[in-house]
Amino acid sequence: MLTQDRLIQPKPELWVESPSSNQLFLKRLILVKAIVTSLWKDEARQQLQSQADQLDEQLGQLDAQVQQMVGELSQHTVQIHPEGSSIAQTQTQIQSIQTQANERKGELLEQKTQVLQQLEQIETLELGEEVEQGQVDNFFYAKQGDHLIRKMQIEVVIRDGVIEEIRGEL
């Protein structure tokens, strides 16, 4: 009689078994707060100034692209239609390009204004104050009888990148 050994397939590394069958494995967002320190302020200023510089660069590139496109369109029209039959068509294309460019420029200027406002807000923050830094995903077990709202309200407080406190019901 021949026996065949069954191959046992390994479980995926990310597979997590519930300790008991009456629990759920849920996802929540955890609020990350930072304690304002001089180092935090310096890093925030640097990051925001870098963003403002990138926006300035994008604005300059946009202006250069528009000028190049308008110049090429104008030159192309004169070379192909010297009698001026499509000048009106070219002017319409140029207006369309400029309108689109102005819309994009407005978006970039609005973003820059927001960045500059954030830079101003950093100056008003006092050392030791807590500010929202962002959110991270987290998974947790919930079972019958748990207070779901409390389990969903978790905060992590960091000081210069190091976890100082975990608040809430894990």
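As shown above, the structure is provided for reference.
Quick summary incoming for the structure in this document. What you are looking at is a predicted structure, and each value in this text was computed from that prediction instead of being measured. (Residues numbered from 1 in each chain as written. Predicted model: local features only at pLDDT ≥ 70, side-chain atom pairs only at ≥ 80, totals over all residues. Heavy atoms only, no water.)

**Structural notes on a nonpolar patch on the surface**
- On the surface, Ile163, Ile166 and Leu170 cluster together into a nonpolar patch covering about 320 Å² of accessible area.
- With respect to the helices and strands, Ile166 occurs in strand S4 (residues 162-167).
- Ile166 sits in the partly exposed class, given a relative accessible area of 46%. (Patch = residues over 30% accessible without salt bridge, like charges linked within 9 Å, V, L, I, M, F, W, Y side chains within 5 Å. Areas by Shrake-Rupley, 256 points an atom, 1.4 Å probe, with all protein chains shown as cover. Salt bridge = Lys/Arg side-chain N within 4 Å of Asp/Glu carboxyl O. Helix = DSSP H or I, 4+ residues; strand = E, 2+ residues; numbered from the N terminus. Buried < 20%, exposed > 50% of the residue type's maximum accessible area, 1.4 Å probe, protein only.)

**With respect to the layout of surface pockets**
- The volume enclosed by the largest pocket comes to roughly 410 Å³.
- Along the wall of the largest pocket there are 17 residues; nearest its centre are Trp40, Ala44, Gln47, Ile122 and Gln133.
- Sorting the residues of the lining of the largest pocket by element identifies helix H1 (38-80), helix H2 (87-124) and strand S2 (130-143) as the ones contributing at least two each.
- Counting residues per element, the lining of the largest pocket draws most heavily on H1, which supplies six residues. (1 Å grid on protein atoms, 1.4 Å probe; cavity = no way out; pocket = protein on both sides within 12 Å on 5 of 7 lines; lining within 4 Å. Points joined across faces, edges and corners; volume = space filled by probe spheres on them.)

**Focus: the environment of Gln98**
- As for its position among the elements, Gln98 is in helix H2.
- Overall, Gln98 belongs to the partly exposed group, its relative accessible area being 36%.
- Note: C-alpha distance between Gln98 and Gln67 (31 residues apart in sequence) is 9.3 Å.
- With sequence-adjacent residues up to four places away left out, Gln98 is seen in contact with Val66 and Val70. (Contact = heavy atoms within 4.5 Å.)

**Here's the deal with H2**
- Relative to the 56 Å expected for 38 residues at 1.5 Å per residue, H2 spans 55 Å between its end C-alpha atoms, a close match to the ideal helical length.
- All buried positions along H2 are accounted for by Thr90, Ile94, Ile97, Ala101, Leu108, Lys112, Val115, Leu119 and Ile122. (Expected span 1.5 Å × (residues − 1).)

**Concerning the sheet that holds strand S3 (residues 155-159)**
- The strand order across the open sheet formed by four strands is S2-S1-S3-S4, and the pairing between neighbours is mixed. In this open sheet, the two strands that pair with only one neighbour each are S2 and S4. Averaged over neighbouring strand pairs, the angle between their axes works out to 25 degrees when direction is ignored. (Pairing = 2+ DSSP bridges. Axes fitted to C-alpha atoms, helices over the stretch in contact; angles between N-to-C directions.)

**What about the pattern of salt bridges?**
- Tallying each qualifying case throughout the model produces 14 salt bridges.
- With its nearest N and O atoms 3.2 Å apart, the salt bridge here joins Arg104 to Glu107. One end of the pair is Arg104 and the other is Glu107, both in helix H2 and three residues apart, which spans about a single turn.
- You can call Arg104 partly exposed: its relative accessible area is 35%.
- Residues joined in a network through salt bridges with shared partners are Lys33, Glu130, Glu155, Glu165 and Arg167.

**A closer look at the packing of aromatic side chains**
- Throughout the structure, instances matching the rule amount to two aromatic pairs.
- Considering the side-chain rings of Phe25 and Phe139, the 5.6 Å spacing of their centres and the 15 degrees angle between planes classify their relative orientation as stacked. Taken together, the residues span a long stretch of sequence, with Phe25 in strand S1 (residues 23-35) and Phe139 in strand S2 at a distance of 114 residues.
- Exposure remark for Phe25: the relative accessible area of 43% places this residue in the partly exposed category. (Phe/Tyr/Trp six-rings, centres within 6.5 Å; stacked < 30°, edge-to-face > 60°.)

**Some words on the pairing of S1**
- Relative to S2, S1 runs antiparallel, the two being bridged by 13 bridges. Residue Leu26 lies in a different strand from S2, and its bridge partner there is Phe140.
- Bridge count between S1 and S3: four bridges; the pairing is parallel. For Ala34, the partnering residue across the bridge sits in S3 and is Ile158.

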